[in-house]
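Chain residues, written in single-letter form:
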Amino acid sequence: MPTDYHRSSLHVRLSVWIDAITYAGAVATLVTLAALLLGLVTGGGPSQAKFILFAVGFLLLGYATVRLWPSTPSDLDSQTELAGVEGDSIPETADRTRFQAFVQQLPPLRWVRSPPPEARMRTQGKLLLGSIAVLLVSFLMETVFGI
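These numbers come from a predicted model, not from an experiment. (Residues numbered from 1 in each chain as written. Predicted model: local features only at pLDDT ≥ 70, side-chain atom pairs only at ≥ 80, totals over all residues. Heavy atoms only, no water.)

(A) Focus on helix H2 (residues 45-68). Between the first and last C-alpha of H2 there are 34 Å, a value that for 24 residues agrees with the 34 Å anticipated at 1.5 Å per step. Looking at H2, one finds that the buried residues are Gly45, Ala49, Lys50, Ile52, Leu53, Gly57, Leu60 and Ala64. (Helix = DSSP H or I, 4+ residues; strand = E, 2+ residues; numbered from the N terminus. Expected span 1.5 Å × (residues − 1). Buried < 20%, exposed > 50% of the residue type's maximum accessible area, 1.4 Å probe, protein only.)

(B) Spatial organisation of the packing of H2 against helix H6 (residues 123-143). At their nearest, the axes of H2 and H6 sit 8 Å apart, and the two run at 155° to each other. Here H2 is positioned roughly antiparallel relative to H6, judged by the angle of their axes. Crossing geometry of H2 relative to H6 is assigned as left-handed. The residue inventory of the contact of H2 with H6, partitioned by class, reads 16 nonpolar, 6 polar and 3 charged. (Axes fitted to C-alpha atoms, helices over the stretch in contact; angles between N-to-C directions. Parallel < 35°, antiparallel > 145°, perpendicular 65-115°, else oblique. Left-handed = near helix turned anticlockwise from the far one by under 90°. Nonpolar A, V, L, I, M, F, W, Y, C, P; charged D, E, K, R; others polar.)

(C) Spatial organisation of H6. Over its 21 residues, H6 runs 30 Å from end to end, which matches the ideal 30 Å to within 8%, given 1.5 Å per residue. Among the residues making up H6, those that are buried are Gln124, Gly125, Lys126, Leu127, Gly130, Ser131, Ala133, Val134, Leu135, Ser138 and Met141.

(D) Broad picture of a nonpolar patch on the surface. Nonpolar side chains collect at one region of the surface, where Leu136, Phe139, Leu140, Val144, Phe145 and Ile147 lie side by side and expose about 590 Å² of accessible area between them. Residue placement: Leu140 occurs in helix H6. The partly exposed category is assigned to Leu140, whose relative accessible area is 34%. (Patch = residues over 30% accessible without salt bridge, like charges linked within 9 Å, V, L, I, M, F, W, Y side chains within 5 Å. Areas by Shrake-Rupley, 256 points an atom, 1.4 Å probe, with all protein chains shown as cover. Salt bridge = Lys/Arg side-chain N within 4 Å of Asp/Glu carboxyl O.)

(E) Region of interest: the pattern of salt bridges. Enumeration over the complete set of coordinates arrives at 2 salt bridges. The salt bridge partner of Lys126 is Asp19, with a shortest N-O separation of 2.8 Å. Here Asp19 lies in helix H1 (residues 2-41) and Lys126 lies in helix H6, a separation of 107 residues in the sequence.

(F) Seen up close, the packing of aromatic side chains. Throughout the structure, instances matching the rule amount to 3 aromatic pairs. Aromatic pair Tyr23 and Phe99: ring centres 5.2 Å apart, planes at 85°, arrangement edge-to-face. Of this pair, Tyr23 sits in helix H1 while Phe99 sits in helix H4 (residues 98-104), and the two are 76 residues apart along the sequence. Judged by its relative accessible area of 6%, Tyr23 falls in the buried class. For Phe99, a relative accessible area of 24% puts it in the partly exposed group. With a centroid separation of 4.9 Å and 70° between ring planes, the pair formed by Phe54 and Phe58 is classed as edge-to-face. Of this pair, Phe54 and Phe58 are both found in helix H2, 4 residues apart, which corresponds to roughly one turn of the helix. (Phe/Tyr/Trp six-rings, centres within 6.5 Å; stacked < 30°, edge-to-face > 60°.)

(G) Spotlight on the side chain of Ser15. Topologically, Ser15 is positioned in helix H1. We classify Ser15 as buried; its relative accessible area is 2%. Dropping the residues within four chain positions of it, Ser15 is found in contact with Val112, Arg113 and Pro115. (Contact = heavy atoms within 4.5 Å.)

(H) Fine view of the nonpolar core. Within the largest apolar cluster, 17 residues are counted, with the highest numbers of intra-cluster contacts made by Val27, Val31, Ala35, Leu53, Leu60, Val103 and Val134. Secondary structure elements with two or more residues in this core: H1, H2 and H6. Top element by residues in this core is H1. It accounts for 6 residues. The residues touching Val27, leaving out its near neighbours within four places in the chain, are Leu60, Phe99, Gly130 and Val134. (Core = buried A, V, L, I, M, F, W, Y, C linked by side-chain atoms within 4.5 Å.)

These figures capture arrangement, not role.
Given below as structure tokens:
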């Protein structure tokens, strides 16, 4: 029984990270394609796309940080958040957007069973990872590709 528990716990943690990394990759890919298109349309090319990625990456980072910031002391109560309940016995509903539904259909994530709702990373945390990925793409354009 303990080995089954650890395997299921490991599976849940792995599926949570696959979900988060897939979300971050989708955010970075869409923002990069939009920045490259905007750079080409305005005549700046990849150099302007790099600056757009840098600016959008920091804006997304700030937005995700503000969204993750607790608004009340009760937001810091770890038992309520970990249990997946809000109040006494009402289960917390996960907000599902069209973008999240799109990400669920992407290859690595659609092959993995999704984690239970109480174990999932919140959208704000995934967006924070996505903003870091956008900044990483901008950094790689600067250092690796010399743009």
